[in-house]
Amino acid sequence: MMPCYQLPMSQFRRFGLALMLPVALLGTFAFPTQLQTVTAQTATDNRPLTIRADVQEYDAKNQVITARGNVQMLYPSRQLQATSAQAQYFSKERRIDFSGNVYILQQGGNSIRAEKVTYLIDEGRFVALPQSNRQVESIYMIEESNNAAPAPPVPQTPPLKPSN
């Protein structure tokens, strides 16, 4: 057998590849719950949109990021946090589609729970759809102004009369 320093370069590369492939595969299967992170820049203000997920794909031709599995999105410039099973960021259309157990929280406490939500970035608008036979749930925090007229008092329930 020849010493490794005398091996032809092609055999040396094959040997290196043969060692690297099992290590790479082991790393892929040994850490499946590790989240991948992608940061996308919006076109107008260059503030980051951070997406974490088990798996992410980028379609350079259509400029679409697809994230699957334990998706977590943070969009500080829009004061937005979201979780879902899948999300797609369409950078050309400036739209984000969430699907699968979607929960979106905005700073101030407003939130949406639905099966599917589309966020139209430039319009600041959400379109939410429920699972079949269910409803979308939204919670909006409403600030009471000090100048508004006080709410009328709640009517008193008359006491129950004992039956004879």
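Heads up: the structure comes first, above all this text.
Residues numbered from 1 in each chain as written. Predicted model: local features only at pLDDT ≥ 70, side-chain atom pairs only at ≥ 80, totals over all residues. Heavy atoms only, no water.

Engineer: Which residues make up the overall build of the protein, and what values do they have?
Structural biologist: Helix and strand counts for the protein stand at one helix and nine strands. Put simply, the protein runs from its N terminus to its C terminus through helices and strands in the order α-β-β-β-β-β-β-β-β-β. Taken over 164 residues, the protein has a buried fraction of 22%. Counting contacts in the protein only where the partners sit at least 6 residues apart, residues at least 24 apart contribute 29% of the total. On the protein, roughly 12,700 Å² of surface is accessible, and the fraction owed to carbon and sulfur atoms is 55%. (Helix = DSSP H or I, 4+ residues; strand = E, 2+ residues; numbered from the N terminus. Buried < 20%, exposed > 50% of the residue type's maximum accessible area, 1.4 Å probe, protein only. Contact = heavy atoms within 4.5 Å. Areas by Shrake-Rupley, 256 points an atom, 1.4 Å probe, with all protein chains shown as cover.)

Engineer: Tell me about unusual backbone geometry, residues and numbers included.
Structural biologist: Of note, Gln-63 is a non-glycine position whose phi angle comes to about 55°, a positive value. Mapped onto the secondary structure, Gln-63 falls in the loop between strand S3 (55-59) and strand S4 (64-75). With phi around 50°, Asn-101 is a residue other than glycine that occupies positive phi space. The topology assignment puts Asn-101 in strand S6 (residues 95-106).

Engineer: Lay out the environment of Val-64 in plain terms, naming residues and giving numbers.
Structural biologist: Of note, Val-64 is situated in strand S4. The class for Val-64 is buried, based on a relative accessible area of 10%. With residues near it in sequence (within four places) discarded, Val-64 still touches Glu-57, Tyr-58, Asp-59, Gln-88, Tyr-89 and Phe-90.

Engineer: Can you tell me about the layout of surface pockets, naming the residues and giving the values?
Structural biologist: The space that makes up the largest pocket amounts to roughly 190 Å³. Within the residue set of the lining of the largest pocket, elements represented by two or more residues are S6 and strand S7 (111-120). Broken down by element, the residue count for the lining of the largest pocket peaks at three residues, all from S7. Along the lines of polarity and charge, the residues of the lining of the largest pocket split into three nonpolar, three polar and four charged. (1 Å grid on protein atoms, 1.4 Å probe; cavity = no way out; pocket = protein on both sides within 12 Å on 5 of 7 lines; lining within 4 Å. Points joined across faces, edges and corners; volume = space filled by probe spheres on them. Nonpolar A, V, L, I, M, F, W, Y, C, P; charged D, E, K, R; others polar.)

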